[in-house]
Each structure stands twice: as C-alpha cells, then as structure tokens.
Amino acid sequence: MKRKKIVKAYLSDEEYSQVVHASETTGLTISKFVKNVCLGTPLPNRETTNFRLELLKTAADMGRLGGLLKMAISNGMEKRKVQPLLDEITERQKELKQIASKIK
C-alpha cells in the first residue's frame, strides 16, 4: 500500500521531547508511534518484547540440550536413564512457548 497523505502537527519543544521519549520506549520510529497512537493501535513495549525473546531463546537452549542428550543415547548411554529428562525438557519447552505466545 502506497502512502499518499501526510499529517502535520506543531509541537512545542517539550511536547516534541515527550513524543520522542515515548516512541523510544516502544522501539518504534516517531512516525509509526504517532500513527499507532492516532489510530488506536496497541503500542509494543520494548521490555515485554525483550522478555518474550528471552523466553524463546531459553526454549531453544533447552532444545539444544535435548539434542545433546539424544546424541549421548546414540553414543551408548542408556535411554531409560535419559528419557525422563528428555520428556521434562519437552514439557518445559512447550510451557515456555505458550507463555511467550501470550506476551504481546
């Protein structure tokens, strides 16, 4: 969709500083921030986004750990000793992914 219209607003130095600060806290450009506010679109929160990414990274790390345990099984470790741990890792991964999906 091609943008065709420009909206202008005159702000004092203090107002402009407030808009800049608010846009920085959301991680959006000033243009996207103003557009979202004017159209009532929910604003992202940089901290919440970072938290969500950390949860997903943790889930990925758990997946790598599971892969190492599976490699240990293929190299002779008894599966019955490792399988409960693999099952637990899989469950925790699912939980982390579900939590991360609920964070906006």
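This text goes with the structure placed above it.
What you see is a predicted model; the values in this text were computed from it and never measured.

**Student:** For this particular structure, what's the right way to read the pattern of salt bridges?
**Tutor:** Opposite charge on two side chains makes pairing possible when the charged atoms of those side chains draw close. Taken as a whole, this structure holds seven salt bridges when the rule is applied. The shortest N-O distance in the salt bridge between Arg80 and Glu78 comes to 2.8 Å. With relative accessibility at 62%, the residue Arg80 sits in the exposed group. For Arg92, the salt bridge goes to Glu95, with nearest N and O atoms at 2.5 Å. With a gap of three residues between them, Arg92 and Glu95 both fall in helix α4 (residues 79-102), about one helical turn apart.

**Student:** Explanation requested: helix α1 (residues 13-26) in the structure shown.
**Tutor:** For α1, which comprises 14 residues, the first-to-last C-alpha distance of 20 Å matches the rise-based estimate of 20 Å (1.5 Å per residue) to within 8%. Burial in α1 covers these residues: Val19, Val20, Ser23 and Thr26. One side of α1 holds all its buried residues, which, seen down the axis, span an arc of 130°. Facing away from the buried side of α1 by over 90 degrees, the exposed positions are Asp13 and Glu14. Contacts from the buried residues of α1 go to α2 (30-39) and α3 (46-74). Gly27, located one to two residues past α1, shows a positive phi value of around 80°.

Cut-off values and rules
Residues numbered from 1 in each chain as written. Predicted model: local features only at pLDDT ≥ 70, side-chain atom pairs only at ≥ 80, totals over all residues. Heavy atoms only, no water. Salt bridge = Lys/Arg side-chain N within 4 Å of Asp/Glu carboxyl O. Buried < 20%, exposed > 50% of the residue type's maximum accessible area, 1.4 Å probe, protein only. Helix = DSSP H or I, 4+ residues; strand = E, 2+ residues; numbered from the N terminus. Expected span 1.5 Å × (residues − 1). Arc of directions from axis to C-beta. Contact = heavy atoms within 4.5 Å.

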